[in-house]
Amino acid sequence: QVQLVESGGGLVQPGASLRLSCTASGRTSNIYAMAWFRQAPGKEREFVAGIRWSGGRIYYGDSVRGRFTISRDSVKYTVTLQSNSLKPEDTADYYCAADDDGRTVYPVKPSEYDYWGQGTQVTVSS
């Protein structure tokens, strides 16, 4: 079992900065990848950014590429999502996810992840 806890959400202005953190605990030794997803009301859960634990390979969803940055602390099993150019359309619940079976090389679908955090709300508004 893996437990994921997110933090850092809140109300921010367009163009402002955001920093979300997620820490994994429990049976973390076999984690293959960790990622951030987001989901706005009435919309599908959307891939934001992912990082593979072995080697730290990073990949982004099209909607945030160039605006968001994902990073990790490999010792603490913490993954961070940052942005300095938020847009109103970034408003959503943001979820941290972990994949521990490694069946997909670069997992981007919610169904490809095995563990999920509780989510943290991000509202981008002036």
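Here the structure is a predicted model, which is why all the values come from computation and not from measurement. (Residues numbered from 1 in each chain as written. Predicted model: local features only at pLDDT ≥ 70, side-chain atom pairs only at ≥ 80, totals over all residues. Heavy atoms only, no water.)

All right, on to the overall build of the chain then. Looking only at helices and strands, the chain has zero helices and eleven strands in total. Put simply, the chain runs from its N terminus to its C terminus through helices and strands in the order β-β-β-β-β-β-β-β-β-β-β. Its C-alpha atoms give the chain a radius of gyration of 14 Å, near enough to 14 Å, the size a compact globule of 126 residues would have. Counting all 126 residues of the chain, 45% fall into the buried class. Accessible area of the chain: about 6,500 Å², with a carbon and sulfur share of 45%. Of the side-chain charges in the chain, 14 are positive and 13 negative, and the distance between the mean point of each set is 5 Å. (Helix = DSSP H or I, 4+ residues; strand = E, 2+ residues; numbered from the N terminus. Rg over C-alpha atoms; globule rule 2.2 N^0.38 Å. Buried < 20%, exposed > 50% of the residue type's maximum accessible area, 1.4 Å probe, protein only. Areas by Shrake-Rupley, 256 points an atom, 1.4 Å probe, with all protein chains shown as cover. Lys, Arg positive; Asp, Glu negative; His and termini not counted. Charge placed at Lys NZ, Arg CZ, Asp CG, Glu CD.)

Tallying each qualifying case throughout the model produces five salt bridges. Linking Asp 90 and Arg 38 is a salt bridge whose minimum nitrogen-to-oxygen distance equals 2.7 Å. A residue pair is termed long-range when its members are at least 10 positions apart, and Asp 90 in the loop between β8 (78-83) and β9 (92-99) and Arg 38 in strand β4 (residues 33-39) qualify at 52 residues. On the basis of relative accessibility, which here comes to 0%, the residue Asp 90 falls in the buried class. Through salt bridges with shared partners, one network takes in Arg 38, Glu 46, Arg 67 and Asp 90. (Salt bridge = Lys/Arg side-chain N within 4 Å of Asp/Glu carboxyl O.)

Below, the discussion takes up the packing of aromatic side chains. Tallied over the full model, the rule gives seven aromatic pairs. Summarising the aromatic geometry, the rings of Phe 37 and Phe 47 are spaced 5.5 Å apart at their centres and angled 75° between planes, so their arrangement reads as edge-to-face. In this pair, Phe 37 sits in strand β4 while Phe 47 sits in strand β5 (residues 46-52), placing the two residues ten residues apart along the sequence. Taken individually, Phe 37 and Phe 47 each receive the classification buried, so the pair is uniform in this respect. Relative to Tyr 106, the ring of Tyr 59 lies with its centre 5.1 Å away and its plane at 80°, an arrangement referred to as edge-to-face. Linking Tyr 59 in strand β6 (residues 58-60) with Tyr 106 in the loop between β9 and β10 (115-116), this pair joins segments that are 47 residues apart in sequence. On the accessibility criterion, Tyr 59 (11% relative accessible area) is buried. Three or more aromatic residues link up through ring pairs in this structure, and these residues are Phe 37, Phe 47, Tyr 59, Tyr 106, Tyr 113 and Trp 116. Of note, Arg 45 hangs over the ring of Tyr 95, and the distance from its end group to the ring centre comes to 3.9 Å. (Phe/Tyr/Trp six-rings, centres within 6.5 Å; stacked < 30°, edge-to-face > 60°. Lys NZ or Arg CZ within 6 Å of the ring centre and 35° of its normal.)

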